[in-house]
Amino acid sequence: MKKLLVSMMIGLVILAGCSSANNGDDSDNDGFANEKINVYTRDTSSGTRDGFMSGIGFKEAATDDSVLVSGFITNNNAAIMSAMTTDISGIGYVSLASVNNTVKALSFEGVEASEANVMNDTYGLKRPFNWMRRSDGDFANERERDLTLAFIAFLESNDGADVINDEGATAVSSTGNWATLVSEYPVCELDNSDVTLNFGGSDSITRIAEALSAAFSPRCGNVNTVNNHTGSSDGYKRAQGEEKDGINGVHIGYASRPFTDAEKVGAEDTRGQLAWDAIVAIVHNDNPTTNITAQQLVEIYRGDITTWGEILDAQ
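Note that the structure is predicted; figures quoted are calculated from it, not measured.

Trainee: Whenever I open this one, the side chain of N130 confuses me. Can you help?
Mentor: With respect to the helices and strands, the residue N130 is situated in strand β6 (residues 126–133). A polar side-chain atom of N130 sits 2.9 Å from the main-chain carbonyl oxygen of R257. When near neighbours in sequence (up to four residues on either side) are disregarded, N130 contacts I205, G253, Y254, A255, R257, P258, F259, G272, Q273 and L274.

Trainee: For this particular structure, what's the right way to read the nonpolar core?
Mentor: Buried together is how nonpolar side chains tend to be arranged in soluble globular proteins. With 44 residues, the main nonpolar core has F52, M53, I56, L297, I300 and Y301 as its most contacted residues. Looking at this core, the elements with two or more residues in it are β1 (38–41), α3 (47–56), α4 (77–84), β3 (90–95), β11 (271–283), α11 (294–302) and α12 (309–312). A per-element tally of this core places β11 first, with six residues. Contact partners of L297, with chain neighbours within four places excluded, come to F52, I56, I91, F108, A281 and I292. Listed in part, the 35 residues of the second largest apolar core include L147, A153, V163 and L197.

Trainee: Would you explain the pattern of salt bridges in this entry?
Mentor: Enumeration according to the criterion identifies 17 salt bridges in this entry. Salt-bridge contacts for R145 lead to D146; the nearest nitrogen and oxygen are separated by 3.7 Å. Residue R145 is classed as partly exposed on the basis of its relative accessible area, which comes to 25%. Shared partners join several salt bridges into a network, and the residues in it are R133, D136, R145, D146 and D269.

Trainee: Hey, could you run me through the state of the cysteines in this one?
Mentor: Here, the word disulfide means a covalent bond between the sulfur atoms of two cysteines. Using the criterion set out here, one finds one disulfide in the structure. Two residues share a disulfide in this structure: C188 and C220, whose sulfurs sit 2.0 Å from each other. Since a negative S-S torsion denotes a left-handed disulfide, the C188-C220 link at about -85° is left-handed. One end of the pair, C188, is in the loop between α8 (178–181) and β8 (196–201); the other, C220, is in the loop between α9 (206–216) and β9 (224–229), with 32 residues separating them in the sequence. Residue classification places C188 among the buried positions, given a relative accessible area of 10%. Taking relative accessible area as the criterion, C220 reaches 0% and is therefore assigned buried.

Trainee: Mind showing me how you'd approach the pairing of β3 here?
Mentor: Regular strands show a simple pattern: their side chains alternate between the two faces of the sheet. Of all the six residues making up β3, six are buried; the element is thus mostly covered by neighbouring parts of the structure. One ladder, built from two bridges, connects β1 with β3; its direction is parallel. Across the sheet, V39 pairs through a bridge with I91, a residue of β3. Pairing of β3 with β11, which is carried by five bridges, proceeds in the antiparallel orientation.

Conventions adopted
- Residues numbered from 1 in each chain as written.
- Predicted model: local features only at pLDDT ≥ 70, side-chain atom pairs only at ≥ 80, totals over all residues.
- Heavy atoms only, no water.
- Helix = DSSP H or I, 4+ residues; strand = E, 2+ residues; numbered from the N terminus.
- Polar contact = N/O pair within 3.5 Å; in protein donor to acceptor, adjacent residues only side chain to side chain.
- Contact = heavy atoms within 4.5 Å.
- Core = buried A, V, L, I, M, F, W, Y, C linked by side-chain atoms within 4.5 Å.
- Buried < 20%, exposed > 50% of the residue type's maximum accessible area, 1.4 Å probe, protein only.
- Salt bridge = Lys/Arg side-chain N within 4 Å of Asp/Glu carboxyl O.
- Disulfide = S-S within 2.5 Å.
- Pairing = 2+ DSSP bridges.

None of the figures reported here should be taken as evidence of function without further support.
Right under this line is the structure:
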């Protein structure tokens, strides 16, 4: 009888232990709820920041750091991605084209960030990926101009659209197969291995721009391509603005936001859109948060919401 009682008591202890373990997730969440939110943002020249802040209804924060929560951390696209792999209390935002399985992408207003939801207009945080080339009289020679025009035709082709879509954005144009269109660009029949096309601008577009460049080169005489991306504002400056004739000049500059009226100095055919992209709020993979609203993001970035519990309570 004593042995039976001892066995029953041991069993109860084990069951109690198991019950406690089963509640571990709740306890972890309770502990996480007290974590202070670490806020990450891009700098004021970033097209991603402009699109994000405008998209959540906090437009004044696109160009004004003073309205943000104290202690915010400014990083570029790659650094924010990296930070979210180690900072369990952090929140940042990046291009959907940059997201991978090292971070958690939050749904926005209950809608998953995906190419399909960008195209069907159900995902609210989207922005254009734009290009701007040098004006006709600003090329070093006719060959560089012809190669630049050929590149733009390629990115607008079915082949270019495939590259863009494969890199996580949503192409807006597919004018036909490059194998057919290339006949309109005889410069591509030449050996162009002694020519270099330079690209710059938005770093959110870097991966797409590099993929387009790599796909275009063997299709157009092995032209050399160099991508050096430093921000959306530099897309205009380096293609048509004050840096176009210096060492930073590019043949094509990219922006992950609409060009401003002040930047539209060249002819209309010197700029266009290559894709739509979503902007995604991202957190550490172990963060239990799954969804975020525009109002919550405004309050986080303004400093009104400071702990993760305030977000989890609303889920």
